[in-house]
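# Chain and residue survey
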Amino acid sequence: MKSLYDYELLLHDVFHRNWHILTYLEEHKALDALEKECISNTIMDALVYKGLIDLEKQSLDLEHFCIVEDVKHFCYQKTPHVTGFPLWLKEQLRKKSLSCSCSAPAIFMFINPCGGNYCLYDPCITLSAFFSDFSLDDYIYDSPTRKGYRLRKEEARPFLEVRINGVSYLMDVLLKRMYQKEWFIKTYHACRVYTRSKTEFYMKEGCKEQYFADIQEKNNFASYLSMKVPFILPSPANSEVLYELEMSKVLFPEDWDKYEKEKINGNLFF
């Protein structure tokens with residue numbers, strides 16, 4: 001048996017709803033089955049990705065915050081029903097700045113507060129740039145978080161459909177998790193009310209030019225920092241934002257140097 005707190009990866013590099021994942025578990029005791037499943041898959045996927053677990057001999061005992069030497073508890077699932085965005089995807093999002101991500105590293109489009117009030121199409125478009133094929137679809141469904149409530153047509157939510165490990169997933173950019181498409185449709189009686197395929201974005205009159213303008217690489221991260229950093233308050237809910245800012249200091253040192261110089265000189269961009 002090994003405590004989850006003994007994994008530096010889980011302490012520092014894995015998040016759930018913008019919180020450090022273990023801190024989230026400590027502070028949120030009354031989790032529903034869906035969130036427990038999402039957290040469990042996020043933990044196991046991260047440990048597998050970094051080669052820190054033996055799939056044939058170990059599993060997750062979430063109740064006792066440990067990895068146990070058996071496969072009788074929660075085991076790794078290559079194609080889970082629900083999980084957080086995987087580490088390999090976050091690594092890609094961290095390294096590239098796009099026009100549609102405010103000319104900042106794309107990862108910053110996905111660490112806004114969960115449930116916040118902001119456009120969901122922009123992060124979907126940003127995410128599409130990292131997949132060879134996709135479909136941007138609007139769905140109505142029985143809400144997983146508001147029991148007994150079904151979204152009306154005018155409330156339809158956008159999801160980016162992509163294929164991972166040969167399976168179709170719906171990427172939920174609001175709650176920072178992804179659902180196996182067929183499972184989500186069956187479980188929540190989801191109905192697609194509008195769809196735009198990759199072909200439409202690439203070929204449809206008027207769309208192609210705008211889409212490629214949106215996903216072109218463009219870096220003006222220093223300006224983004226001047227608008228973002230002064231307003232971030234240290235809190236558990238901002239843990240992932242603070243983490244990604246630290247990561248960006250390594251990947252984009254020139255932008256940070258520019259930001260710091262402008263701050264000293266009182267010439268910030270807002």
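Reading the values: the criteria
- Residues numbered from 1 in each chain as written.
- Predicted model: local features only at pLDDT ≥ 70, side-chain atom pairs only at ≥ 80, totals over all residues.
- Heavy atoms only, no water.
- Helix = DSSP H or I, 4+ residues; strand = E, 2+ residues; numbered from the N terminus.
- Rg over C-alpha atoms; globule rule 2.2 N^0.38 Å.
- Buried < 20%, exposed > 50% of the residue type's maximum accessible area, 1.4 Å probe, protein only.
- Contact = heavy atoms within 4.5 Å.
- Areas by Shrake-Rupley, 256 points an atom, 1.4 Å probe, with all protein chains shown as cover.
- Lys, Arg positive; Asp, Glu negative; His and termini not counted.
- Charge placed at Lys NZ, Arg CZ, Asp CG, Glu CD.
- Axes fitted to C-alpha atoms, helices over the stretch in contact; angles between N-to-C directions.
- Parallel < 35°, antiparallel > 145°, perpendicular 65-115°, else oblique.
- Core = buried A, V, L, I, M, F, W, Y, C linked by side-chain atoms within 4.5 Å.
- Pairing = 2+ DSSP bridges.
- Salt bridge = Lys/Arg side-chain N within 4 Å of Asp/Glu carboxyl O.
- Phe/Tyr/Trp six-rings, centres within 6.5 Å; stacked < 30°, edge-to-face > 60°.

### Looking at the overall build of the chain
Helices and strands together make up the secondary structure of the chain, namely 11 helices and 11 strands. For 270 residues, the compact-globule formula gives about 18 Å, and the C-alpha radius of gyration of the chain, at 20 Å, lands near that figure. Seen through its principal axes, the chain has C-alpha atoms that stretch 55 × 45 × 30 Å. Residue burial in the chain is summarised as follows: out of 270 residues, 49% are buried. Taking contacts inside the chain between residues at least 6 apart in sequence as the whole, the part at least 24 apart equals 62%. Surface exposure of the chain reaches about 13,700 Å², of which carbon and sulfur atoms provide 52%. Of the side-chain charges in the chain, 34 are positive and 39 negative, and the distance between the mean point of each set is 4 Å.

### Re the packing of helix H3 (residues 33–49) against helix H4 (residues 87–95)
Here H3 crosses H4 at 75 degrees, and the two axes come no closer than 9 Å. By the angle between their axes, H3 is roughly perpendicular relative to H4. Residue-level contacts link Asp-45, Ala-46 and Tyr-49 of H3 to Leu-87, Trp-88 and Glu-91 of H4.

### As for the nonpolar core
Membership of the largest hydrophobic core comes to 56 residues, with the highest contact counts inside it found for Leu-93, Leu-127, Tyr-141, Leu-160, Met-171, Phe-184 and Phe-221. At four residues, the largest contribution of residues to this core is made by strand S8 (residues 157–164). Among all residues touching Tyr-141, those that are not within four sequence positions of it are Tyr-149, Arg-150, Leu-151, Arg-157, Phe-159, Phe-184, Tyr-188, His-189 and Ala-190.

### Some details on the pairing of strand S9 (residues 167–172)
Of all six residues in S9, five are buried; the element is thus mostly enclosed. Both S8 and S9 contribute to a ladder of five bridges, which runs antiparallel. Among the inter-strand pairings, Ile-164 is bridged to a residue of S9, identified as Val-167. As paired elements, S9 and strand S10 (residues 177–180) share four bridges and run antiparallel to each other. Considered in S10, the bridge of Tyr-169 is made with Gln-180. Counting the residues between successive antiparallel strands, the hairpin from S9 to S10 contains four residues, one of them, Lys-176, with a positive phi of roughly 60 degrees.

### Remarks on the pattern of salt bridges
The final tally for this structure, using the stated rule, is 11 salt bridges. For Glu-246, the salt bridge goes to Lys-249, with nearest N and O atoms at 2.9 Å. Placement of the pair is Glu-246 and Lys-249 together in helix H10 (residues 239–251), with a separation of three residues, close to one helical turn. Classification of Glu-246 by relative accessible area gives partly exposed; the value is 47%. On the basis of relative accessibility, which here comes to 36%, the residue Lys-249 falls in the partly exposed class. Counted as one network, the salt bridges with shared partners bring together Arg-152, Glu-154 and Glu-155.

### Remarks on the environment of Phe-110
Its location among the elements puts Phe-110 in the loop between H4 and helix H5 (121–128). Sequence-distant contacts of Phe-110, defined by excluding residues within four places in its chain, comprise Asn-18, Phe-85, Leu-93, Pro-123, Thr-126, Leu-127, Val-173 and Lys-176.

### Notes on the packing of aromatic side chains
One pass over the structure, following the stated rule, counts 19 aromatic pairs. Centre to centre, the rings of Trp-19 and Tyr-24 are 5.7 Å apart; their planes meet at 90 degrees, and the pair counts as edge-to-face. For Trp-19, a relative accessible area of 17% gives the class buried. With relative accessibility at 6%, the residue Tyr-24 sits in the buried group. Pairing Tyr-211 with Phe-212 gives two aromatic rings, centres 5.7 Å apart and planes at 75 degrees, and the pair type is edge-to-face. Here Tyr-211 falls in the buried class, since its relative accessible area comes to 2%.

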